[in-house]
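Now for the letters of each chain:
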Amino acid sequence: MAGHYLTGRSRSADWAWNFALFALALLPVSVLFFRLHLLDQSVLSLSLALAGGLAALGLLLAVFAILLIWRNGARGGGRAIGALLVGGLAAAPFLGAAYLFSKYPEGHAAETTGMSGMALSAQPIPTQDGVLVGRDFQATASTVFQAARTAMEKRGMVLVDVRTPDMARPEGPDLGVSGTVLVPIPTLRDSLRLDEEEDEETDEFADLDSDDYTIQATAYAPLFAFPSDMTIRIVENDGTTYVDVRSVSRTLERDLGENRRLIQGFLDRLDEAMKVLEGVAPES
């Protein structure tokens, strides 16, 4: 009489698959909810930590299930291998973050070398890639300023303010005081731009002509859209215009090199914009 062996199914493989799949699904959902402002940064951190823990647990269970199946001949080998692949996919972003942390273990800012001599900056931030180097162009500062605005637009940066040494701006809407008695002079109604459509179309920085610009802008990380405050200095001296940049994370204590990448991306776009203005490359 012929007999046969009944083999059970590996529960470890099923649990590994569930953990790995949930971790993989939790990652994009967490990012999406954060981008939609349904999660704050602290809750996002907890959600990502949970996803990382589940991915690691799924990988361990998958390895354990494969070993049991290999030794005991239980069913569920396909599920265990699938869990190993899905868990590895879910763990990949965390491995990338760990690599960036080893490369940029501290700091939440970056700058080019030319910013170190200015009062508004700290010392250049060294990494194993070395310090960032600014740009110099054989062009007027106003030309480079227009190229910088084009580069900012292509990088998705938001222009906050532009200052030049010869720019005089009132601190508030009032025109000051008159006489020996401190009586405020009312603001002329005609001086206020009350039409919102006109305000949107007006570019107050379009016609600035100077040899020294300080641009304040906001840049955003590609995935999580963490904001960074960027300062761009454009200074003309003896026919050469120098560009230096500093970027500081607004909400992160460690940026994992993100500010460095934001600066490098802006400078690359600036190079492209200058080539277009100089007629070296076609406009894209």
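Model, not experiment: these values are computed from the prediction.

A. Region of interest: helix H4 (residues 141-154). Between its terminal C-alpha atoms H4 stretches 20 Å, which fits the 20 Å expected from 14 residues at 1.5 Å a residue. Every buried residue of H4 is accounted for by Ala141, Val144, Phe145, Ala147, Ala148, Ala151 and Met152. Viewed along the axis of H4, the buried residues span an arc of 165°, placing them on a single side of the element. On its buried face, H4 sits against strand E2 (135-137), strand E3 (158-163), strand E6 (212-220), strand E7 (227-237), strand E8 (240-249) and helix H6 (258-277). With its phi angle positive at about 75°, Gly156 sits one or two positions after the end of H4.

B. Molecular detail of the nonpolar core. Formed by 31 residues in total, the largest nonpolar core has its most connected members in Ile232, Ile234, Phe266 and Leu270. Of all elements in the fold, only H4, E6, E7, E8 and H6 reach the threshold of two or more residues within this core. Those residues within four positions of Ile234 in sequence are excluded, and the remaining contacts are Ala141, Val144, Phe145, Ala148, Asp211, Asp212, Tyr213, Ile215, Thr241, Tyr242 and Val243. Counting nine residues, the second-largest nonpolar core is a separate cluster that includes Ala51, Ala221, Phe226 and Leu252.

C. Fine view of the pairing of E6. With seven of nine residues buried, E6 is to be regarded as a mostly interior element. In this structure, E3 lies alongside E6, joined through five bridges in antiparallel fashion. Bridging across to E6, Asp161 finds its partner in Gln216. Of the pairings in the sheet, the one linking E6 to E7 comprises nine bridges and is antiparallel in character. Residue pairing for E7: Ala217 is matched across the bridge by Met230. If you look at the hairpin formed by E6 and E7, you'll find six residues sitting between the two strands, and Ala225 has a positive phi there, around 60°.

D. Just the packing of aromatic side chains, in detail. Across all of its chains, the model carries four aromatic pairs by this definition. Arranged with centres 5.7 Å apart and planes meeting at 35°, the rings of Trp15 and Phe19 form a pair that is tilted. Remark: Phe19 and Trp15 occur in helix H1 (residues 11-35); sequence separation between them is four residues, near one turn of the helix. An aromatic cluster is present here, built from Phe34, Phe224 and Phe226 joined pairwise through their rings.

E. Inspection of a nonpolar patch on the surface at higher detail. Together, Val63, Ile66, Leu67, Ile81, Leu84 and Leu85 make up a nonpolar patch on the protein surface, roughly 520 Å² of accessible area in all. Taken together, the elements giving at least two residues each to the nonpolar patch come down to helix H2 (41-72) and helix H3 (77-103). Tracing the chain through its elements places Leu85 in helix H3. When its relative accessible area of 61% is taken as the criterion, Leu85 is described as exposed.

F. Geometry of the confidence of the model for the protein chain. Mean pLDDT over the protein chain: 82, with 78% of residues reaching 70 or higher. Predicted confidence is poor over residues 119-128, with pLDDT under 50, and the contacts of this stretch with residues over four places away or in other chains come to 21 contacts.

G. Inspection of the pattern of salt bridges at higher detail. The final tally for this structure, using the stated rule, is nine salt bridges. Its salt-bridge partner being Arg261, residue Glu258 comes within 3.1 Å of it at the nearest N-O pair. Separated by three residues within a single helix, Glu258 and Arg261 lie in helix H6, roughly one turn from each other. In this structure Glu258 comes out as buried when scored by relative accessible area, which is 16%. For Arg261, a relative accessible area of 34% translates into the label partly exposed. The closest approach of N and O atoms between Glu272 and Arg269, which form a salt bridge, is 3.4 Å.

Basis of the calculations
- Residues numbered from 1 in each chain as written.
- Predicted model: local features only at pLDDT ≥ 70, side-chain atom pairs only at ≥ 80, totals over all residues.
- Heavy atoms only, no water.
- Helix = DSSP H or I, 4+ residues; strand = E, 2+ residues; numbered from the N terminus.
- Expected span 1.5 Å × (residues − 1).
- Buried < 20%, exposed > 50% of the residue type's maximum accessible area, 1.4 Å probe, protein only.
- Arc of directions from axis to C-beta.
- Contact = heavy atoms within 4.5 Å.
- Core = buried A, V, L, I, M, F, W, Y, C linked by side-chain atoms within 4.5 Å.
- Pairing = 2+ DSSP bridges.
- Phe/Tyr/Trp six-rings, centres within 6.5 Å; stacked < 30°, edge-to-face > 60°.
- Patch = residues over 30% accessible without salt bridge, like charges linked within 9 Å, V, L, I, M, F, W, Y side chains within 5 Å.
- Areas by Shrake-Rupley, 256 points an atom, 1.4 Å probe, with all protein chains shown as cover.
- Salt bridge = Lys/Arg side-chain N within 4 Å of Asp/Glu carboxyl O.
- pLDDT = per-residue confidence, 0-100.

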